[in-house]
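Each chain, letter by letter, is given below.
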Amino acid sequence: MTVFFIGAGPGDPELITVKGQRLVRTCPVILYAGSLVPQAVLEGHRAETVVNTADLDLDAIVALLDDAHRKGHDVARVHSGDPSLYGAIGEQIRRLRELNIPYEIVPGVTATAACAAALGCELTLPDISQTLILTRYATKTTMPEGEQLADLARHRATMAIHLGVRHLARIVDELRPHYGADCPIAVIYRASWPDEERVTGTLADIVGKVQSTNIERTALILVGRVLAAEGFSESTLYAKAGG
């Protein structure tokens, strides 16, 4: 018996991996984060037990995993995006280790990757940025020393900020001294879902643009010069030999 932590991808059911889809369709038990994972991801399953864990606490979830283990049933534990990023699987894994329950992580397409695809851009460009920082805005969960947004912004790298759209004005205030008011920024709501919404602008005007929408949650913020770069060098990857 194995608990498979499966990344379902950002929302489009076709963006789950082949391995993830196979496990969803074959495991006899499915536990899925229903608030972020669309029902379409579960299509074709033959599970005897399917539980939406959106309203369950950690103890209740672990109890279900332990019950499946005692019965010898594999579990598809389905999370949105990639489960290793803000998926709260670390605490589940710690409990599984205490119970000697085997597990495996199946990676998924991240929200950041889906947002880049929606914007039609590359997040790392020669001369512009060769670094991507994935972070979140500190609210209920405190940030470790050195990981405050202003600390990260000093690098002026491409940055993806999770769970922060409600605090966009504060975020912009912290970013602007390092990136400049004219730096491109994008707010993408529910990337790859049918109701996806994109708002693009600069640090100077993005707050007003987002305030004119109904975007309040489930959005990712991307900031960096790569979002509107034109004058960058070509990479050496496709350079002619001897060029």
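Quick caveat: nothing in here was measured; it's all calculated off a predicted structure. (Residues numbered from 1 in each chain as written. Predicted model: local features only at pLDDT ≥ 70, side-chain atom pairs only at ≥ 80, totals over all residues. Heavy atoms only, no water.)

*Asks:* How should the domain arrangement of the protein be read in this particular structure?
*Replies:* The figure often quoted for interface size is the accessible area lost as the parts come together. Each domain of the protein was delimited in the assignment, giving domain 1 (3-106) and domain 2 (111-227). Listed as interface residues are nine residues of domain 1 and, on the opposing side, 10 residues of domain 2. At the boundary of domain 1 with domain 2, the tally comes to zero salt bridges. Joining domain 1 to domain 2, the criterion identifies five residue pairs in polar contact (both at pLDDT 80 or more). Considering only residue class, the side of domain 1 that touches domain 2 consists of seven nonpolar, one polar and one charged. (Domains from an automatic or database assignment. Contact = heavy atoms within 4.5 Å. Salt bridge = Lys/Arg side-chain N within 4 Å of Asp/Glu carboxyl O. Polar contact = N/O pair within 3.5 Å; in protein donor to acceptor, adjacent residues only side chain to side chain. Nonpolar A, V, L, I, M, F, W, Y, C, P; charged D, E, K, R; others polar.)

*Asks:* What should I look at first to understand helix α3 (residues 89-98) in this one?
*Replies:* Owing to its 3.6 residues per turn, the α-helix brings residues three or four apart onto one side. Turning to α3, its buried residues are Ile-89, Gln-92, Ile-93 and Leu-96. For α3, the buried positions fall inside an angular range of 100° around the axis, keeping them on one side. Exposed side of α3, more than 90 degrees from the buried face: Arg-94 and Glu-98 are the residues found there. Check the buried side of α3 and you find it contacts β1 (3-7), α2 (58-71), β4 (75-79) and β5 (103-106). Immediately downstream of α3, the backbone of Asn-100 shows phi near 55°, a positive value. (Buried < 20%, exposed > 50% of the residue type's maximum accessible area, 1.4 Å probe, protein only. Helix = DSSP H or I, 4+ residues; strand = E, 2+ residues; numbered from the N terminus. Arc of directions from axis to C-beta.)

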